[in-house]
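Below are the chains, spelled out letter by letter.
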Amino acid sequence: MAASYPFRAALVTGASSGIGAEAARQLAAAGVPVVVVARRRERLEALAAELADVEVLVADLETREGQTVVAARIADPARPIDLVVNNAGFGTSGAFAELDVDRLSREIALNVDALTRLTHAALAVMVPRGRGWVLNVSSFASFQPAPRLAVYAATKAYVTSLGESLHQEVKASGVVVTTLCPGLVRTEFQSVSNTSHYQTEFPDVLWLPVDEVVSTALNAVAKGRAVCVPGAFYKSASWATGMVPRWVRRAASGVVQRR
Ligand SMILES: NC(=O)c1ccc[n+]([C@@H]2O[C@H](COP(=O)([O-])OP(=O)(O)OC[C@H]3O[C@@H](n4cnc5c(N)ncnc54)[C@H](OP(=O)(O)O)[C@@H]3O)[C@@H](O)[C@H]2O)c1
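Residues numbered from 1 in each chain as written. Predicted model: local features only at pLDDT ≥ 70, side-chain atom pairs only at ≥ 80, totals over all residues. Heavy atoms only, no water.

(A) Molecular detail of unusual backbone geometry. Positive phi, close to 60°, is recorded for Asp53, a residue that is not glycine. Its place among the elements puts Asp53 in the loop between helix 2 (41–50) and strand 3 (54–58). Under the relative-accessibility criterion, Asp53 is labelled exposed at 57%. For Arg148, which is not glycine, the phi torsion reads 75° and is therefore positive. Structurally, Arg148 is set in the loop between strand 5 (132–137) and helix 5 (150–170). (Helix = DSSP H or I, 4+ residues; strand = E, 2+ residues; numbered from the N terminus. Buried < 20%, exposed > 50% of the residue type's maximum accessible area, 1.4 Å probe, protein only.)

What follows is the structure, encoded as structure tokens:
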């Protein structure tokens, strides 16, 4: 049976691949019209040809111009959006001092700046309406430092902190902000972030099926949850991170992220 959600129209960033493409598919299957955002037009058009009621919006969210176009679409009163999924993001693995600093700036522009501006655009229209949902895609990496993936973990720590604050701040208005913190999911993320070696280094039990991550997240935002950590292993590990001293977590992630 197809899932049923309270959303009337959604916008999903990073919908040309991975978690975002799956979110667009599951929303469309539930009868929710979706605006799909990314840079690769051909991927978005293929999605629009495959699914009913999909609007393609090509934008580079690392740029202020792209962020402004998408923010304007979210705010358009003629075509209201009541679910925004801020999913576009990437990582950069390697020794911090040896990485391309311009790439790290682009990573911050996408993971932090674009997500902040689109969340702002969404809440600016949703709070006065007293209705709406924002699903921000963070990561399990947001819960502890990640040597060799330091900027990525820092951007995601920002996303989780922002999301938790805003969840509480707008709760009484009837608007929901949910932060999704997935563990490992097989997508293009690994090739883009230079972490393809994870595929062989980490056992199958740590890899979450993308459809489960997305259905768990859509149910969590529809239910008004603050934070969603899909998968039993990651859920218990996220509880444990609250009990383990930070220096132990830092040392442990240094051992895990050897290359
Ligand atoms: N996969 C994992 O293990 C994992 C775990 C935890 C969290 N996450 C998070 O999940 C989210 C989705 O990642 P994914 O795993 O689905 O990776 P993915 O398959 O690489 O998808 C990333 C999406 O972001 C879009 N994107 C990248 N740069 C963009 C830009 N400048 N402007 C607009 N869109 C851009 C890409 O589209 P274009 O290239 O067409 O623009 C693509 O659609 C990310 O925020 C990631 O940090 C992933």
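Resuming the write-up.
(B) Structural view of the site of the ligand. Around the ligand, the structure places 30 residues, and the nearest of them are Ser16, Ser17, Arg39, Tyr152 and Thr187. At a separation of 2.8 Å, an oxygen atom of the ligand approaches a polar side-chain atom of Arg39. The contact in question runs from an oxygen atom of the ligand to an N or O atom on the side chain of Lys156, over 2.9 Å. When the free accessible area of the ligand is taken as 880 Å², the share hidden by the protein chains comes to 96%. (Near = heavy atom within 4 Å. Polar contact = N/O pair within 3.5 Å; in protein donor to acceptor, adjacent residues only side chain to side chain. Areas by Shrake-Rupley, 256 points an atom, 1.4 Å probe, with all protein chains shown as cover.)

(C) Representation of the packing of aromatic side chains within the structure. What the rule picks out here adds up to seven aromatic pairs. Aromatic pair Tyr5 and Phe7: ring centres 5.4 Å apart, planes at 20°, arrangement stacked. Both residues of the pair, Tyr5 and Phe7, count as buried. Summarising the aromatic geometry, the rings of Tyr152 and Phe189 are spaced 5.2 Å apart at their centres and angled 55° between planes, so their arrangement reads as tilted. Of this pair, Tyr152 sits in helix 5 while Phe189 is found in helix 6 (residues 189–192), placing the two residues 37 residues apart along the sequence. The buried category is assigned to Tyr152, whose relative accessible area is 8%. Accessibility expressed as a relative area gives 23% for Phe189, which makes it partly exposed. (Phe/Tyr/Trp six-rings, centres within 6.5 Å; stacked < 30°, edge-to-face > 60°.)

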